[in-house]
Amino acid sequence: MFHLLIVDDYPDQVESIAATIPLEELGIGEVYKAFSGAEALDMAKRCTVDIVITDILMPGMSGLELVKKIREGSKTTKCIFLSGHADFDYAKQAIELQSSHYLLKPVETDELIRTLTGVVAELHAEWQEIASRRRAVNTLREHLPLLGGELLNHLLQDRRYPRGVIADKMKMLDLPFASGDRVGMFIVRMEDGFDDFDDYDLSLMEFAVANIAEEIFGELYHIWHCKDAYDNLVFVLKAKKSGEEVSALPNDNGEEEWRPIEKMAASLHRSVSVYLKRSVSIAVAEQTGLLPEGLSRMHRICLFAVRRQIGGESDFFVTAREEPEQAIEGGLRVPYQPPLLLHLLETGSWERAAGKLSDIFAELAEKWPESPEYAQEVYFNVMGAFHYAAHRNGKQLGDIAGGATDVGADGSMQVSSLKQLRDRIHTVFARLMADAEHNTKDSRSIVVRRIHQLIAEDVSRDLSLQAISDHVRLHPAYISKVYRMETGMNLGDYVLQQRMELAAAMLLKDPNDKIYEIAERTGYMTTHYFSKVFKGYFGMTPLEYRERLNK
């Protein structure tokens, strides 16, 4: 559904145009109203506007100036100019601004509807082109490095994909890698000298490091890199093997296949120091692995080497060896794979959070016989996320879930079986979700009550969507959607209903009240427009209504 903005310094003109447009038939979801160019521009900045119907000659900012400024921010917005002056200069400027149409006042209803129908068709065609596969493919190519890095990050975190899916993604991203390839890895930790950079400058320095790595490794290796969750640069390398590509794994001297990578990574370490004047530490995985299943293992080995062999120091170069005494391959994976349960709860993604819990317990069912600590790990990981979600909403989890959150005096969980643990966590989850949904529903009800109170206080005031949104300090699009969800009707229809009911009551209450006085007290600028709206609502003019009901 498209959004329409109507602009005229005569409010009656705006209201008249809005009242004659068959919104649903034309595919228009929202109608915004403005009575000056400045007000319209402010609304266009705050709201999505697809079509603008504007008078050309207005005090202050003209319609031509308004459209010019709107188009600076949105090239796709369609504009229809209205003017009482059949002046070629205006028409010429309108054409230069690529307006959809230039119509003369008074505009016939049928002509306006035909024009809007054509404009909506143009918008549909343009957005279909924007959303087309060809456009998507072109955009995808522009972002291949970023998307390739995102895929690598998922694999480092051991996110599981069906093998065919990974192959399709690599092909789509034009990556010279495939499942089953033997690859090596090293990670680069940015250290002294990088702390002073803001995000933009740091990204440039990371790009510089990647460029140096490409120069050093590019002749012998395909390179795939990303920035991991710990802000390290991770490089995955595959030897070039066919055609003009050079074999390097293993090399001619019979060295282990990771040795050439280690040598070149040492060169990268030195080059960053010399040419970027900054300090980094590099950890090279001693063993190669198969893609994709070997990536997370090599990554963990490199991280362990940084943590154990380098720690808080800087400017180190180490070979990362798998330590037999370290249970690198053990432990739980799912609770720490993105998206984290905590993040799903924070964004209100309850269905996905429920799926995450199912995956966590499926893994725990496999690990349960190995050690009771896995159950404790799950319990405190999940309950920590629950506590965080509750506190973010200004509540204590214990107040929401009651005794389901109890732990022993020593801090241990009070469960004796997998089923008991699952039931307890699902109970807390269900109560947390119900509380959040209640809060959302309650907040929406409060918004509706505030709107009704505003309208009831003075129905003659400006009750446009923008005016109401300013009063309740919420976005017009949000107010419009919430009001429709909560009441089943459009906010504009409710305002009209309240004004017409008040007008009808005033007509019956005192036969001496003048029609123009009733129009003013119900928010209408002119008697003519009030009568037109009243007849459209009741099927008769105000005078006919008074005469018929007072007989």
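Attention in this report is confined to the structure presented alongside it. All chains use their own residue numbering, which begins from 1 and follows the written sequence. Reporting in this predicted model follows two pLDDT cut-offs: at least 70 for local features of residues, and 80 or more for side-chain atom pairs to be given and counted; totals over whole chains, interfaces and linings ignore these cut-offs and use all residues. Only hydrogens and water are set aside when side-chain values are computed; all heavy atoms of the structure are taken into account.

A look at the overall build of the protein chain
Under the DSSP-based scheme used, a helix requires at least four consecutive residues in state H or I and a strand at least two consecutive residues in state E, with every element numbered from the N terminus. Scanning the protein chain from terminus to terminus reveals 23 helices and eleven strands. Contact between two residues is taken to exist if any of their heavy atoms lie within 4.5 Å; hydrogens are not considered. Across the protein chain, the fraction of contacts at a sequence separation of at least 24, relative to all contacts at a separation of at least 6, is 66%. Split by element, the accessible area of the protein chain, about 29200 Å² in all, is 50% carbon and sulfur. Areas reported as accessible are Shrake-Rupley estimates using a 1.4 Å probe. Residue values count occlusion only from the protein chains shown.

Some points on the pairing of strand β9 (residues 280-285)
Whether a residue is buried, partly exposed or exposed follows from its accessible area with a 1.4 Å probe, protein chains only, as a fraction of its type maximum: under 20%, in between, or over 50%, in that order. The buried fraction of β9 is high, at six of six residues. Burial of the side chains of β9 extends over both faces: Val 280, Ile 282 and Val 284 are buried on one face and Ser 281, Ala 283 and Ala 285 on the other. Pairing between strands requires that DSSP locate at least two bridges from one strand to the other. Both strand β6 (residues 182-190) and β9 contribute to a ladder of five bridges, which runs antiparallel. Each residue of the ladder has a partner; that of Met 190, found in β9, is Val 280.

Looking at the packing of aromatic side chains
The description of an aromatic ring pair uses the distance of the two centres, along with the angle that the planes make with each other. Aromatic rings from Phe, Tyr and Trp, taking only the six-membered ring of Trp, are treated as a pair when their centres fall within 6.5 Å; an angle between ring planes under 30 degrees marks them as stacked, one over 60 as edge-to-face, and anything in between as tilted. One pass over the full model with this rule turns up 15 aromatic pairs. Ring centres 5.2 Å apart and planes at 20 degrees place the aromatic pair Phe 186 and Phe 217 in the stacked group. Taken together, the positions of Phe 186 in strand β6 and Phe 217 in helix α10 (residues 199-217) put the pair 31 residues apart, joining distant regions of the chain. Overall, Phe 186 belongs to the buried group, its relative accessible area being 0%. Judged by its relative accessible area of 0%, Phe 217 is buried. Taking the centre distance of 6.1 Å and the plane angle of 65 degrees together, the rings of Phe 217 and Tyr 221 count as edge-to-face. Clustering of aromatic rings is evident, with ring pairs tying together Tyr 524, Tyr 529, Phe 530, Phe 534, Tyr 537, Phe 538 and Tyr 545. Cation over ring: Lys 238 sits above Phe 177, and NZ or CZ is 5.7 Å from the ring centre. We count a charge as sitting over a ring when the NZ of a lysine or the CZ of an arginine lies within 6 Å of the ring centre and within 35 degrees of the ring normal. We note Arg 499 situated over the ring of Tyr 524; from NZ or CZ to the ring centre the distance is 5.5 Å.

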